[in-house]
Amino acid sequence: MSNNIIIRTKDFLKTRTGHLALTYFAIIMAMTIVFSVVIFAIASNQFDRPLQPRTTFRSVLGGDDTYVRDLLDQRADEARMGLLVGLLILNTGMALFGVWFSVYLARRTMEPIEQAMEEQGRFVSDASHELRTPLTALQAMNEVALRRKKITDAEARELAQANVTEATKLHALTTSLLGLVTSDRAPVTLKPVDIQAAVADAMSYVVGAAQAKHIEVEDKLPAIRITTDSEKLVHVVRILLDNAVKYSNKNGKVVIAAKELPHMVRLSVTDNGVGIQAADIPHIFSRFYRADASRSKEQHEGYGLGLAIAKTISDRMGWKISATSKFGSGSTFSIDMPVGRN
Ligand code: ADP
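Summarised in this report is the structure supplied together with it. (Residues numbered from 1 in each chain as written. Predicted model: local features only at pLDDT ≥ 70, side-chain atom pairs only at ≥ 80, totals over all residues. Heavy atoms only, no water.)

### Looking at helix H6 (residues 195-212)
Its 18 residues give H6 an end-to-end C-alpha distance of 26 Å, which sits within 8% of 26 Å, the value for a rise of 1.5 Å per residue. At Val206, H6 shows its strongest bend, of approximately 50°. Taken residue by residue, H6 has Ile195, Ala198, Val199, Ala202, Met203, Val206 and Ala210 as its buried positions. The residue sitting at the N-terminus of H6 and contributing the capping side-chain oxygen is Asp194; that oxygen lies 3.1 Å from the backbone nitrogen of Gln196. Just past H6, the residue His214 takes up positive phi, approximately 55°. (Helix = DSSP H or I, 4+ residues; strand = E, 2+ residues; numbered from the N terminus. Expected span 1.5 Å × (residues − 1). Bend = angle between axes of the 7 residues up to and from the residue. Buried < 20%, exposed > 50% of the residue type's maximum accessible area, 1.4 Å probe, protein only. Polar contact = N/O pair within 3.5 Å; in protein donor to acceptor, adjacent residues only side chain to side chain.)

### Some details on the packing of aromatic side chains
All told, the structure shown has 7 aromatic pairs when counted by the stated rule. On the basis of an interplanar angle of 45° and a centroid distance of 5.9 Å, the ring pair of Phe97 and Trp100 is categorised as tilted. Pair noted here: Phe97 and Trp100 are both in helix H4 (residues 66-147), with a separation of 3 residues, about one helical turn. By relative accessible area, Trp100 is classed as exposed at 52%. For the ring pair Trp100 and Tyr104, a centre distance of 5.5 Å and an interplane angle of 10° mean the geometry is stacked. Taken as a pair, Trp100 and Tyr104 lie in helix H4 at a separation of 4 residues, close to a single helical turn. In this structure Tyr104 comes out as partly exposed when scored by relative accessible area, which is 37%. Among the aromatic residues, those joined into a cluster by ring pairs are Phe97, Trp100, Phe101 and Tyr104. The residue whose ring lies beneath Arg238 is Tyr205, and the NZ or CZ to ring-centre distance is 3.9 Å. Sitting above the plane of the Phe123 ring, Arg287 keeps its charged end 4.5 Å from the centroid. (Phe/Tyr/Trp six-rings, centres within 6.5 Å; stacked < 30°, edge-to-face > 60°. Lys NZ or Arg CZ within 6 Å of the ring centre and 35° of its normal.)

### Overview of the layout of surface pockets
A probe as big as a water molecule, rolled over the atoms, marks out the empty space that is left. Within this model, the second largest pocket holds a volume of roughly 530 Å³. Lining of the second largest pocket is provided by 18 residues; of these, Glu119, Gln120, Phe123, Leu180 and Arg287 occupy positions nearest its centre. Listing elements by their share of the lining of the second largest pocket, those giving two or more residues are H4, helix H5 (153-183) and helix H9 (306-317). Here the lining of the second largest pocket takes 7 residues from H4, the largest share from any one element. (1 Å grid on protein atoms, 1.4 Å probe; cavity = no way out; pocket = protein on both sides within 12 Å on 5 of 7 lines; lining within 4 Å. Points joined across faces, edges and corners; volume = space filled by probe spheres on them.)

### Digging into the site of the ligand
Around the ligand, the structure places 21 residues, and the nearest of them are Asn243, Tyr247, Asp271, Arg290 and Leu307. With respect to the ligand, the side chain of Tyr247 contributes an N or O atom lying 2.7 Å from an oxygen atom. Contact between the ligand and Asp271: a nitrogen atom at 2.9 Å from a side-chain N or O atom of the residue. With the chains in place, 98% of the 530 Å² that the ligand exposes on its own is no longer accessible. Put simply, the parts of the chain that give the shell around the ligand at least two residues each are helix H7 (230-246), H9 and strand E7 (330-338). Here the shell around the ligand takes 3 residues from H7, the largest share from any one element. (Near = heavy atom within 4 Å. Areas by Shrake-Rupley, 256 points an atom, 1.4 Å probe, with all protein chains shown as cover.)

### A word on the sheet that holds strand E5 (residues 264-271)
Strands sit in the order E2-E4-E5-E7-E6 across an open sheet of 5 strands; the sheet is mixed. Two strands in the sheet have a free side with no partner beyond their single neighbour: strand E2 (216-220) and strand E6 (320-326). Adjacent strand axes in the sheet meet at a mean angle of 15°, parallel and antiparallel pairs treated alike. Here E2 runs beside strand E4 (residues 253-261); their pairing, made up of 5 bridges, is parallel. The partner of Lys220 across the bridge, within E4, is Ala257. (Pairing = 2+ DSSP bridges. Axes fitted to C-alpha atoms, helices over the stretch in contact; angles between N-to-C directions.)

### Considerations on the environment of Thr228
Position of Thr228 relative to the elements: it lies in strand E3 (residues 225-228). Sequence separation between Thr228 and Lys191 is 37 residues; the distance between their C-alpha atoms is 5.6 Å.

### A short note on the pattern of salt bridges
Following the criterion strictly, the structure yields 9 salt bridges and no others. Between Glu119 and Arg287 there is a salt bridge, and its shortest N-O distance comes to 3.9 Å. Placement of the pair is Glu119 in helix H4 and Arg287 in the loop between E5 and helix H8 (293-299), with a sequence separation of 168 residues. Take Glu119: its relative accessible area is 41%, and that puts it in the partly exposed class. Two residues, Lys169 and Glu166, come together in a salt bridge whose shortest N-O distance is 3.4 Å. Of this pair, Lys169 and Glu166 both sit in helix H5, separated by 3 residues, roughly a single helical turn. (Salt bridge = Lys/Arg side-chain N within 4 Å of Asp/Glu carboxyl O.)

### Details of H5
Its 31 residues place the ends of H5 44 Å apart at the C-alpha level, agreeing with the 45 Å of an ideal helix rising 1.5 Å per residue. Listed as buried for H5 are Leu159, Glu166, Leu170, Leu173, Leu177, Gly179, Leu180 and Ser183.

### Quick notes on the side chain of Asp336
For Asp336, the position within the fold is in strand E7. A polar side-chain atom of Asp336 sits 2.7 Å from a polar atom in the side chain of Arg266. Not counting residues within four places of it along the chain, the set of residues in contact with Asp336 comprises Met264, Val265, Arg266, Trp319 and Lys320. (Contact = heavy atoms within 4.5 Å.)

### Some thoughts on the pairing of E6
Bridge analysis of E6 against E7 gives 7 bridges, and the strand direction is antiparallel. Residue pairing in the sheet places Lys326 in a bridge with Gly330 of E7. Taking the residues between adjacent antiparallel strands as the criterion, E6 and E7 are bridged by 3 residues, where Gly328 takes a positive phi near 95°.

Following this line, the structure appears as structure tokens:
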């Protein structure tokens, strides 16, 4: 039993939390000991204070004061001893309390750090997993081609085309990963922004894809100006428009609208596409989450990073991004931008 406790304590002290707890404990004990020494020195000094004035003392006792002096010295020694014992008890108590308190403090300090490290580890592992898929495809295709004795021009072209396709996917993925990592750090530049102009800018990126699917993109935007970071607004709207087009069927319709509410402007992107199941909605803003993987992976390119980037930017700007959807009929994504705060 006690062996078990010793082993567990040793293991704990080897962890990061254990190191920190040990540091906290050393600080607590160093402070307690220093205070005890100072208190003892000051009190000791006071006990040894000479009895003054000697003459008054003698006159009261009538000459010989040796007995009284011995008695007082004895009392001072006893008091010093009592103080020493008291301080020793206090230090032992502080040591016991210090063990509990330093472990508690170390755990509280390390909790958010360890959570962040765990999240980072998960991110790296998810990212590596996603990167491996196109890389494995590239490797396999090229290895198969290399094993063949002869390769025709048409086959070489086909291989080159497949390589370009996979490289394009890798490029898109690395760009998204970089976007995700930098989006919560990029500096914020506030200036008056015309919502119509920002949306037009975002639309220019998706117009080609919309035309290819014969999707009508309608904007119902009143003339609103808000003070915000134009680049970040364009980025978020672009992600929402990109998804609206991607998850819409041919000949679909996407509507982008804005309205002024008390203390905020609400911008919304509505499509009449595939929609999102209610159970998926709470997760779609998480990194690498793709609703209904089989359906999405087969029919729509993507890595589940767009909405995570949109959310990170929105959090940084103090906007609230949300989604409502009717599975099979379409979705609406809204960004609520506080006016005067952003
Ligand atoms: P990606 O589109 O690359 O998969 P996102 O982070 O942009 O990644 O979106 C996460 C998931 O949310 C998508 O896989 C999709 O299932 C769902 N989603 C996002 N926007 C829409 C939309 N407008 N209509 C339907 N589903 C959507």
